[in-house]
Amino acid sequence: MQRWRGLEDIPEDWGRSVVTIGSYDGVHRGHQLIIGRAVARARELGVPAVVVTFDPHPSEVVRPGSHPPLLATHQRRAELMAGLGVDAVLILPFTAEFSRLTPADFVVKVLVDKLHARVVVEGPNFRFGHKAAGNVAFLRELGATYDYEVEVIDLYERGEAGGGEPFSSTLVRRLVAEGDVTGAMEVLGRPHRVEGVVVRGAQRGRELGFPTANLETLPHTAIPADGVYAGWLTAQGEAMPAAISVGTNPQFDGTERTVEAYAIDRVGLDLYGLHVEVDFLAYLRGQEKFDSIEALLERMAVDVKRARELVEEHGSR
(Lines give C-alpha, C1' and ligand atoms only; values in the text may rest on other atoms or scores of the structure.)
Protein backbone atom coordinates (compact mmCIF):
# COMPACT_ATOMS: atom_id res chain seq x y z
CA MET A 1 0.00 0.00 0.00
CA GLN A 2 1.24 3.48 -0.85
CA ARG A 3 1.38 6.19 1.84
CA TRP A 4 1.49 9.84 0.87
CA ARG A 5 1.93 12.82 3.15
CA GLY A 6 0.59 15.88 1.40
CA LEU A 7 -0.77 16.42 -2.10
CA GLU A 8 2.74 16.78 -3.54
CA ASP A 9 3.48 13.12 -2.76
CA ILE A 10 0.79 11.84 -5.12
CA PRO A 11 2.41 10.51 -8.31
CA GLU A 12 2.11 12.82 -11.32
CA ASP A 13 0.64 10.03 -13.44
CA TRP A 14 -2.01 8.99 -10.89
CA GLY A 15 -5.20 7.95 -12.70
CA ARG A 16 -8.82 7.62 -11.65
CA SER A 17 -9.59 6.26 -8.18
CA VAL A 18 -12.31 5.55 -5.64
CA VAL A 19 -11.89 7.84 -2.62
CA THR A 20 -13.18 8.07 0.93
CA ILE A 21 -12.33 10.92 3.31
CA GLY A 22 -12.34 11.09 7.09
CA SER A 23 -10.29 11.02 10.29
CA TYR A 24 -11.04 7.30 10.62
CA ASP A 25 -9.51 7.20 14.10
CA GLY A 26 -9.69 3.63 15.35
CA VAL A 27 -10.91 2.22 12.02
CA HIS A 28 -13.88 0.82 13.95
CA ARG A 29 -16.59 -1.41 12.51
CA GLY A 30 -18.60 1.55 11.17
CA HIS A 31 -15.50 2.87 9.41
CA GLN A 32 -14.86 -0.61 8.05
CA LEU A 33 -18.25 -0.55 6.29
CA ILE A 34 -17.38 2.64 4.42
CA ILE A 35 -13.80 1.67 3.60
CA GLY A 36 -14.90 -1.83 2.61
CA ARG A 37 -17.47 -0.41 0.21
CA ALA A 38 -14.87 1.94 -1.31
CA VAL A 39 -12.55 -1.02 -1.87
CA ALA A 40 -15.37 -3.08 -3.41
CA ARG A 41 -16.26 -0.28 -5.85
CA ALA A 42 -12.59 0.17 -6.72
CA ARG A 43 -12.30 -3.53 -7.56
CA GLU A 44 -15.47 -3.37 -9.68
CA LEU A 45 -14.07 -0.43 -11.66
CA GLY A 46 -10.49 -1.70 -11.82
CA VAL A 47 -9.03 1.40 -10.16
CA PRO A 48 -7.23 1.98 -6.81
CA ALA A 49 -9.00 2.69 -3.52
CA VAL A 50 -7.67 5.73 -1.65
CA VAL A 51 -8.35 6.88 1.92
CA VAL A 52 -7.80 10.58 2.68
CA THR A 53 -7.20 11.46 6.32
CA PHE A 54 -5.69 14.31 8.34
CA ASP A 55 -2.87 15.11 10.75
CA PRO A 56 -3.27 16.60 13.28
CA HIS A 57 -6.92 15.98 14.07
CA PRO A 58 -8.89 18.91 12.56
CA SER A 59 -10.36 19.89 15.94
CA GLU A 60 -6.88 20.77 17.25
CA VAL A 61 -6.49 23.40 14.51
CA VAL A 62 -10.06 24.70 14.56
CA ARG A 63 -10.30 24.70 18.37
CA PRO A 64 -6.76 24.56 19.84
CA GLY A 65 -6.53 22.46 22.98
CA SER A 66 -9.46 20.25 21.99
CA HIS A 67 -7.46 17.40 20.43
CA PRO A 68 -9.36 14.19 21.25
CA PRO A 69 -7.59 11.13 22.66
CA LEU A 70 -6.35 9.08 19.71
CA LEU A 71 -7.43 5.46 19.32
CA ALA A 72 -4.73 4.55 16.81
CA THR A 73 -1.54 6.03 15.39
CA HIS A 74 -1.43 6.89 11.69
CA GLN A 75 0.87 3.92 11.16
CA ARG A 76 -1.64 1.62 12.85
CA ARG A 77 -4.55 3.08 10.86
CA ALA A 78 -2.60 2.50 7.65
CA GLU A 79 -1.95 -1.13 8.63
CA LEU A 80 -5.64 -1.68 9.36
CA MET A 81 -6.68 -0.01 6.11
CA ALA A 82 -4.18 -2.09 4.14
CA GLY A 83 -5.81 -5.16 5.69
CA LEU A 84 -9.14 -3.97 4.27
CA GLY A 85 -7.64 -3.77 0.78
CA VAL A 86 -6.93 -0.03 0.53
CA ASP A 87 -4.32 0.77 -2.13
CA ALA A 88 -3.16 4.20 -0.90
CA VAL A 89 -3.54 6.46 2.13
CA LEU A 90 -3.17 10.22 1.76
CA ILE A 91 -2.42 12.03 5.03
CA LEU A 92 -3.14 15.73 4.58
CA PRO A 93 -1.37 18.10 7.02
CA PHE A 94 -4.30 19.96 8.53
CA THR A 95 -3.12 23.55 8.91
CA ALA A 96 -4.95 26.80 9.58
CA GLU A 97 -4.56 27.64 5.88
CA PHE A 98 -5.94 24.27 4.84
CA SER A 99 -8.90 24.68 7.22
CA ARG A 100 -9.93 27.81 5.29
CA LEU A 101 -10.42 25.97 1.99
CA THR A 102 -14.01 26.27 0.83
CA PRO A 103 -15.81 23.00 0.14
CA ALA A 104 -15.59 23.67 -3.60
CA ASP A 105 -11.85 24.36 -3.40
CA PHE A 106 -11.32 21.19 -1.38
CA VAL A 107 -13.11 19.13 -4.02
CA VAL A 108 -11.11 20.64 -6.88
CA LYS A 109 -7.68 20.60 -5.21
CA VAL A 110 -7.93 17.14 -3.64
CA LEU A 111 -10.55 15.01 -5.36
CA VAL A 112 -10.42 16.35 -8.90
CA ASP A 113 -6.93 17.70 -9.65
CA LYS A 114 -4.90 15.18 -7.63
CA LEU A 115 -6.88 11.97 -7.03
CA HIS A 116 -9.07 12.12 -10.17
CA ALA A 117 -11.95 10.66 -8.21
CA ARG A 118 -14.37 8.46 -10.08
CA VAL A 119 -16.41 7.55 -7.00
CA VAL A 120 -16.45 9.12 -3.52
CA VAL A 121 -17.82 6.94 -0.70
CA GLU A 122 -18.89 8.60 2.58
CA GLY A 123 -21.18 8.32 5.57
CA PRO A 124 -24.42 10.35 5.65
CA ASN A 125 -23.08 12.99 8.08
CA PHE A 126 -19.82 13.71 6.24
CA ARG A 127 -18.84 17.40 6.43
CA PHE A 128 -15.88 19.14 4.82
CA GLY A 129 -14.38 22.48 3.89
CA HIS A 130 -14.22 25.77 5.81
CA LYS A 131 -16.48 25.69 8.90
CA ALA A 132 -17.62 22.22 7.77
CA ALA A 133 -19.92 23.94 5.28
CA GLY A 134 -19.83 21.09 2.75
CA ASN A 135 -22.05 18.00 3.02
CA VAL A 136 -22.85 14.95 0.91
CA ALA A 137 -25.54 16.83 -1.03
CA PHE A 138 -23.01 19.49 -2.07
CA LEU A 139 -20.42 16.80 -2.80
CA ARG A 140 -22.92 15.10 -5.11
CA GLU A 141 -23.82 18.42 -6.75
CA LEU A 142 -20.17 19.04 -7.64
CA GLY A 143 -19.87 15.45 -8.84
CA ALA A 144 -22.20 16.27 -11.71
CA THR A 145 -19.76 18.99 -12.79
CA TYR A 146 -16.50 17.13 -12.19
CA ASP A 147 -17.52 13.65 -13.35
CA TYR A 148 -17.52 11.63 -10.15
CA GLU A 149 -20.23 9.65 -8.39
CA VAL A 150 -21.07 9.89 -4.68
CA GLU A 151 -22.16 6.83 -2.73
CA VAL A 152 -23.46 7.26 0.82
CA ILE A 153 -23.13 4.33 3.23
CA ASP A 154 -25.03 4.04 6.50
CA LEU A 155 -22.28 3.30 9.01
CA TYR A 156 -24.53 3.11 12.05
CA GLU A 157 -23.74 -0.31 13.39
CA ARG A 158 -25.02 -1.05 16.89
CA GLY A 159 -24.31 -3.66 19.55
CA GLU A 160 -24.39 -3.97 23.31
CA ALA A 161 -21.58 -1.44 23.83
CA GLY A 162 -22.71 1.86 25.30
CA GLY A 163 -26.23 0.56 25.79
CA GLY A 164 -26.83 0.12 22.09
CA GLU A 165 -25.41 3.49 21.02
CA PRO A 166 -24.35 3.69 17.34
CA PHE A 167 -20.71 2.78 16.83
CA SER A 168 -18.41 5.81 16.62
CA SER A 169 -14.91 6.94 17.59
CA THR A 170 -16.50 9.12 20.28
CA LEU A 171 -18.17 6.05 21.79
CA VAL A 172 -14.91 4.10 21.77
CA ARG A 173 -13.07 6.97 23.49
CA ARG A 174 -15.74 7.08 26.19
CA LEU A 175 -15.66 3.33 26.75
CA VAL A 176 -11.86 3.33 26.96
CA ALA A 177 -11.90 6.25 29.40
CA GLU A 178 -14.38 4.30 31.55
CA GLY A 179 -12.24 1.17 31.48
CA ASP A 180 -14.83 -0.76 29.46
CA VAL A 181 -12.30 -2.30 27.12
CA THR A 182 -14.68 -5.19 26.37
CA GLY A 183 -17.23 -2.73 25.00
CA ALA A 184 -14.50 -0.91 23.08
CA MET A 185 -13.44 -4.22 21.55
CA GLU A 186 -16.99 -4.81 20.30
CA VAL A 187 -17.02 -1.48 18.47
CA LEU A 188 -13.47 -1.76 17.13
CA GLY A 189 -13.73 -5.39 16.15
CA ARG A 190 -10.42 -6.02 17.99
CA PRO A 191 -8.86 -5.05 21.34
CA HIS A 192 -7.97 -1.41 21.98
CA ARG A 193 -4.21 -0.89 21.59
CA VAL A 194 -1.76 1.45 23.32
CA GLU A 195 1.72 1.79 21.85
CA GLY A 196 4.95 3.19 23.20
CA VAL A 197 8.65 2.77 23.88
CA VAL A 198 9.70 0.79 26.96
CA VAL A 199 11.52 3.04 29.43
CA ARG A 200 13.03 2.49 32.87
CA GLY A 201 10.61 3.08 35.72
CA ALA A 202 11.02 2.63 39.46
CA GLN A 203 11.62 -1.12 38.83
CA ARG A 204 9.43 -2.07 41.79
CA GLY A 205 7.77 -4.77 39.72
CA ARG A 206 11.12 -6.45 39.19
CA GLU A 207 11.84 -6.27 42.92
CA LEU A 208 8.44 -7.85 43.65
CA GLY A 209 8.90 -10.66 41.14
CA PHE A 210 6.60 -9.21 38.48
CA PRO A 211 8.88 -7.26 36.09
CA THR A 212 6.85 -4.91 33.92
CA ALA A 213 7.41 -3.06 30.66
CA ASN A 214 6.80 0.63 31.44
CA LEU A 215 5.51 2.40 28.30
CA GLU A 216 6.28 5.95 27.29
CA THR A 217 3.14 6.60 25.26
CA LEU A 218 2.61 9.08 22.45
CA PRO A 219 0.84 12.42 23.07
CA HIS A 220 -2.98 12.28 22.96
CA THR A 221 -3.06 8.47 23.31
CA ALA A 222 -6.42 7.13 24.51
CA ILE A 223 -5.43 5.32 27.72
CA PRO A 224 -7.95 3.21 29.64
CA ALA A 225 -9.16 4.16 33.11
CA ASP A 226 -6.90 3.37 36.07
CA GLY A 227 -6.99 -0.29 36.97
CA VAL A 228 -5.68 -3.76 36.20
CA TYR A 229 -6.43 -5.49 32.89
CA ALA A 230 -5.83 -8.72 31.00
CA GLY A 231 -4.42 -8.52 27.50
CA TRP A 232 -1.29 -8.90 25.43
CA LEU A 233 2.14 -7.31 25.29
CA THR A 234 3.62 -7.47 21.79
CA ALA A 235 7.34 -6.93 21.22
CA GLN A 236 9.23 -7.57 17.99
CA GLY A 237 6.17 -9.29 16.53
CA GLU A 238 5.61 -11.68 19.44
CA ALA A 239 2.30 -11.36 21.32
CA MET A 240 2.59 -12.46 24.96
CA PRO A 241 -0.28 -12.86 27.46
CA ALA A 242 -0.05 -10.00 29.95
CA ALA A 243 -1.41 -8.49 33.12
CA ILE A 244 -1.55 -4.72 32.61
CA SER A 245 -1.61 -1.94 35.19
CA VAL A 246 -2.75 1.61 34.42
CA GLY A 247 -2.48 4.36 37.03
CA THR A 248 -0.29 6.13 39.55
CA ASN A 249 0.67 3.12 41.71
CA PRO A 250 -0.99 4.24 44.98
CA GLN A 251 0.77 1.48 46.95
CA PHE A 252 3.95 3.53 46.66
CA ASP A 253 2.28 6.98 46.68
CA GLY A 254 2.99 7.51 42.98
CA THR A 255 1.88 10.65 41.19
CA GLU A 256 2.74 9.94 37.55
CA ARG A 257 0.19 7.96 35.54
CA THR A 258 1.79 5.01 33.77
CA VAL A 259 0.95 2.00 31.60
CA GLU A 260 2.87 -1.12 32.66
CA ALA A 261 2.55 -4.65 31.30
CA TYR A 262 3.80 -7.87 32.86
CA ALA A 263 4.43 -10.63 30.30
CA ILE A 264 3.01 -13.67 32.08
CA ASP A 265 5.42 -16.57 32.65
CA ARG A 266 8.20 -14.90 30.68
CA VAL A 267 11.62 -14.70 32.31
CA GLY A 268 14.61 -12.55 31.40
CA LEU A 269 12.91 -10.27 28.89
CA ASP A 270 14.91 -7.14 28.04
CA LEU A 271 12.56 -4.75 26.28
CA TYR A 272 14.17 -1.41 27.14
CA GLY A 273 14.18 0.94 24.17
CA LEU A 274 11.84 -1.23 22.10
CA HIS A 275 8.59 -0.02 20.59
CA VAL A 276 5.86 -2.32 21.94
CA GLU A 277 2.08 -2.64 21.77
CA VAL A 278 -0.32 -3.39 24.60
CA ASP A 279 -3.76 -4.75 23.68
CA PHE A 280 -6.52 -4.59 26.31
CA LEU A 281 -8.83 -7.61 26.54
CA ALA A 282 -10.69 -7.26 29.85
CA TYR A 283 -10.91 -5.13 33.00
CA LEU A 284 -9.99 -7.02 36.18
CA ARG A 285 -10.24 -4.47 39.01
CA GLY A 286 -9.62 -0.90 40.02
CA GLN A 287 -6.45 0.47 41.60
CA GLU A 288 -6.07 -0.26 45.29
CA LYS A 289 -3.69 0.51 48.13
CA PHE A 290 -3.18 -2.61 50.23
CA ASP A 291 -2.37 -2.86 53.94
CA SER A 292 0.97 -4.52 53.24
CA ILE A 293 3.33 -5.59 50.47
CA GLU A 294 2.38 -9.20 51.23
CA ALA A 295 -1.29 -8.42 50.60
CA LEU A 296 -0.33 -6.67 47.36
CA LEU A 297 1.68 -9.68 46.20
CA GLU A 298 -1.20 -12.03 46.97
CA ARG A 299 -3.57 -9.92 44.89
CA MET A 300 -1.05 -9.60 42.04
CA ALA A 301 -0.82 -13.39 41.90
CA VAL A 302 -4.63 -13.56 41.64
CA ASP A 303 -4.60 -10.90 38.90
CA VAL A 304 -1.99 -12.78 36.89
CA LYS A 305 -3.90 -16.05 37.22
CA ARG A 306 -7.13 -14.43 36.05
CA ALA A 307 -5.40 -12.61 33.20
CA ARG A 308 -3.84 -15.89 32.03
CA GLU A 309 -7.25 -17.60 32.09
CA LEU A 310 -9.01 -14.82 30.16
CA VAL A 311 -6.34 -14.71 27.46
CA GLU A 312 -6.45 -18.49 27.10
CA GLU A 313 -10.27 -18.42 26.86
CA HIS A 314 -10.13 -15.72 24.20
CA GLY A 315 -7.52 -17.55 22.12
CA SER A 316 -4.82 -15.90 20.04
CA ARG A 317 -4.86 -12.14 19.74
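Residues numbered from 1 in each chain as written. Predicted model: local features only at pLDDT ≥ 70, side-chain atom pairs only at ≥ 80, totals over all residues. Heavy atoms only, no water.

### A look at the nonpolar core
Ranked by size, the top nonpolar core spans 29 residues in total, and within it Leu115 and Leu139 carry the most contacts. Sorting the residues of this core by element identifies strand 2 (17-21), strand 3 (49-55), strand 4 (88-93), helix 5 (103-112), strand 5 (117-122) and helix 6 (136-146) as the ones contributing at least two each. A per-element tally of this core places helix 5 first, with five residues. Beyond its immediate chain neighbours, meaning those up to four positions away, Leu139 contacts Val107, Leu111, Val120, Glu122, Phe126, Phe128, Tyr148 and Val150. (Core = buried A, V, L, I, M, F, W, Y, C linked by side-chain atoms within 4.5 Å. Buried < 20%, exposed > 50% of the residue type's maximum accessible area, 1.4 Å probe, protein only. Helix = DSSP H or I, 4+ residues; strand = E, 2+ residues; numbered from the N terminus. Contact = heavy atoms within 4.5 Å.)

### What about the packing of helix 5 against helix 6?
At their nearest, the axes of helix 5 and helix 6 sit 11 Å apart, and the two run at 55° to each other. Taken together, the axis directions place helix 5 and helix 6 in an arrangement best described as oblique. Here helix 5 and helix 6 pass one another in a crossing that is right-handed. For the pair helix 5 and helix 6, contact is made by Pro103, Ala104, Val107, Val108, Leu111 and Val112 and by Phe138, Leu139, Leu142 and Tyr146, respectively. Considering only residue class, the contact of helix 5 with helix 6 consists of 10 nonpolar, no polar and no charged. (Axes fitted to C-alpha atoms, helices over the stretch in contact; angles between N-to-C directions. Parallel < 35°, antiparallel > 145°, perpendicular 65-115°, else oblique. Left-handed = near helix turned anticlockwise from the far one by under 90°. Nonpolar A, V, L, I, M, F, W, Y, C, P; charged D, E, K, R; others polar.)

### Focus: the environment of Leu271
Note that Leu271 resides in the loop between strand 11 (258-263) and strand 12 (275-285). With relative accessibility at 10%, the residue Leu271 sits in the buried group. When sequence neighbours within four positions are dropped, the list of residues in contact with Leu271 reads Val198, Ala213, Leu233 and Ala235.

### Points about the sheet that holds strand 4
With parallel pairing, the six strands of this open sheet are ordered in space as 1-4-3-2-5-6. Looking at strand neighbours, the two that pair on one side only are strand 1 (2-5) and strand 6 (149-152), the edges of this open sheet. This sheet shows a mean twist of 25° between the axes of neighbouring strands, independent of strand direction. With six bridges joining them, strand 3 and strand 4 adopt parallel strand pairing. Each residue of the ladder has a partner; that of Asp55, found in strand 4, is Pro93. (Pairing = 2+ DSSP bridges.)

### Some words on the environment of Val197
Position of Val197 relative to the elements: it lies in strand 7 (residues 192-199). Residue Val197 is classed as partly exposed on the basis of its relative accessible area, which comes to 31%. The spatial distance from the C-alpha of Val197 to the C-alpha of Tyr272 is 7.7 Å, given a sequence separation of 75 residues. With near-sequence residues (within four places) excluded, Val197 lies in contact with Asn214, Leu215, Glu216, Gly273, Leu274 and His275.

### Some words on the domain arrangement of the chain
Segmenting the chain into domains produces domain 1 (2-156) and domain 2 (192-314). The interface of domain 1 with domain 2 comprises seven residues on the first partner and seven residues on the second. Here domain 1 meets domain 2 over a buried area of about 610 Å², counting both sides, of which 55% is carbon and sulfur. Run the count over domain 1 and domain 2 and you get two residue pairs in polar contact (both at pLDDT 80 or more). Of the residues assigned to the side of domain 1 that touches domain 2, the class counts are four nonpolar, two polar and one charged. (Domains from an automatic or database assignment. Buried area = accessible area lost by both parts, 1.4 Å probe. Polar contact = N/O pair within 3.5 Å; in protein donor to acceptor, adjacent residues only side chain to side chain.)

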